[in-house]
Amino acid sequence: MKKASDIRPSEITPSEVFRDRRRWLQLAAGASALALLPRGVAAADKFADLKPGAYRIDEKLTPYESVTTYNNFYEFGTDKEDPAKRAGSLRTRPWAVVVDGAVGKPRTFAIEEILKMAPLEERIYRLRCVEAWSMVVPWVGFPLAELLKRVEPTGSAKFVEFTTLLDPTQMPGQRGTVLDWPYREGLRIDEAMHPLTLLTVGLYGEVLPNQNGAPIRIVVPWKYGFKSAKSIVRIRLTETQPETTWNLAGPKEYGFYSNVNPDVDHPRWSQAKERRIGEFFKRPTLPFNGYAEQVAQLYAGMDLQRYF
Ligand SMILES: Nc1nc2c(c(=O)[nH]1)N[C@H]1C(S)=C(S)[C@@H](COP(=O)(O)O)O[C@H]1N2
Ligand SMILES: [Mo]
């Protein structure tokens, strides 16, 4: 690892600059600023030796404070502020992820094994919520494909299902019926194997705060945010298209594919524009959230109005 004094200014990434500023603000403001930090995020939770990953967009990062206090995580309530306030009850150790279904070598991975499975990289992705707001987040993780390869998917594996932890004692929102718990999402196998699909364990160089889906979540940057399931405990490969929570909740509003598409409106609002958190004017939404060059080929010949 490099010492701080060895790093030339040109090597310092925006997130490092931001973290330094935040550290300084904490020192300046003392305990009151520290109280804003999600529980469990301390100096020891920083990742050492993070490499800038292959995919990094050159747009202003959404501030750490917004990324960690404006969240959708219905297991902790439906208001954007609820997860940051209430997700402290989630216990992220011990944690394991079952990977099974249509695979040659089904396995349960302890979170510690996953953290050492492949080099962790920092990737700066757009996140576009179906509610027509967006963020730019420096995630930490590695391609989901790395993990899937280890369990040897069979020839009949066509889809991948992700399941969030089910435990109403830790996740108070699960005591209500706002969604059909546990939260489930799914991808086609080629989408899951695509190098952009990130198995995510951190953001801003630190372990994921609970409200962002600790200790492990998926991030699929060309799809609406709800496809990116948080705090997952199971990854199952299937032969048929899995049921998904939001599609069950509103099949006319939330399709299985849910690729970001400015030409297919939500029945109750337009998807043509989005508000970047922290900005006043809306900006146009890009097909596949700006990742068309990388992923449009996956959908060649498909009617994207029908398969929305
Ligand atoms: N288990 C679970 N995963 C979830 C959600 C949820 O409510 N529960 N919300 C989704 C939605 S709608 C979005 S926009 C993103 C938000 O991720 P973030 O809070 O890290 O920005 O998480 C997604 N993953
Ligand atoms: Mo979302």
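Structural data are supplied above this passage.
Everything numeric here is computed off the predicted structure, so don't read it as measured data.

Caption draft 1: A look at the sheet that holds strand β6 (residues 159-164). Spatially, five strands are ordered β3-β2-β11-β6-β7 in an open sheet, and the strand pairing comes out mixed. The sheet terminates laterally at β3 (107-110) and β7 (184-188), the two strands that pair on one side only. Averaged over all pairs of adjacent strands, the angle between their axes in this sheet comes to 15°, without regard to strand direction. Pairing between β6 and strand β11 (residues 232-238): six bridges, direction antiparallel. Following the sheet pairing, V160 is matched in β11 by L237. Sitting on the sheet, helix α6 (residues 144-151) is in contact with β2 (96-101), β3, β6 and β11, with an inclination near 60° to β11.

Caption draft 2: Seen up close, the layout of surface pockets. Considering only enclosed or pocket space, the second largest pocket measures out at about 450 Å³ in volume. Taken together, 27 residues form the lining of the second largest pocket, with N72, F73, C129, G225 and F226 sitting closest to its centre. In terms of residues, the lining of the second largest pocket owes the most to one element, strand β5 (residues 133-143), which gives four residues. Residue composition of the lining of the second largest pocket, grouped by class: 17 nonpolar, six polar and four charged.

The rules behind each value
Residues numbered from 1 in each chain as written. Chains lettered and ligands numbered in written order. Predicted model: local features only at pLDDT ≥ 70, side-chain atom pairs only at ≥ 80, totals over all residues. Heavy atoms only, no water. Pairing = 2+ DSSP bridges. Helix = DSSP H or I, 4+ residues; strand = E, 2+ residues; numbered from the N terminus. Axes fitted to C-alpha atoms, helices over the stretch in contact; angles between N-to-C directions. Contact = heavy atoms within 4.5 Å. 1 Å grid on protein atoms, 1.4 Å probe; cavity = no way out; pocket = protein on both sides within 12 Å on 5 of 7 lines; lining within 4 Å. Points joined across faces, edges and corners; volume = space filled by probe spheres on them. Nonpolar A, V, L, I, M, F, W, Y, C, P; charged D, E, K, R; others polar.

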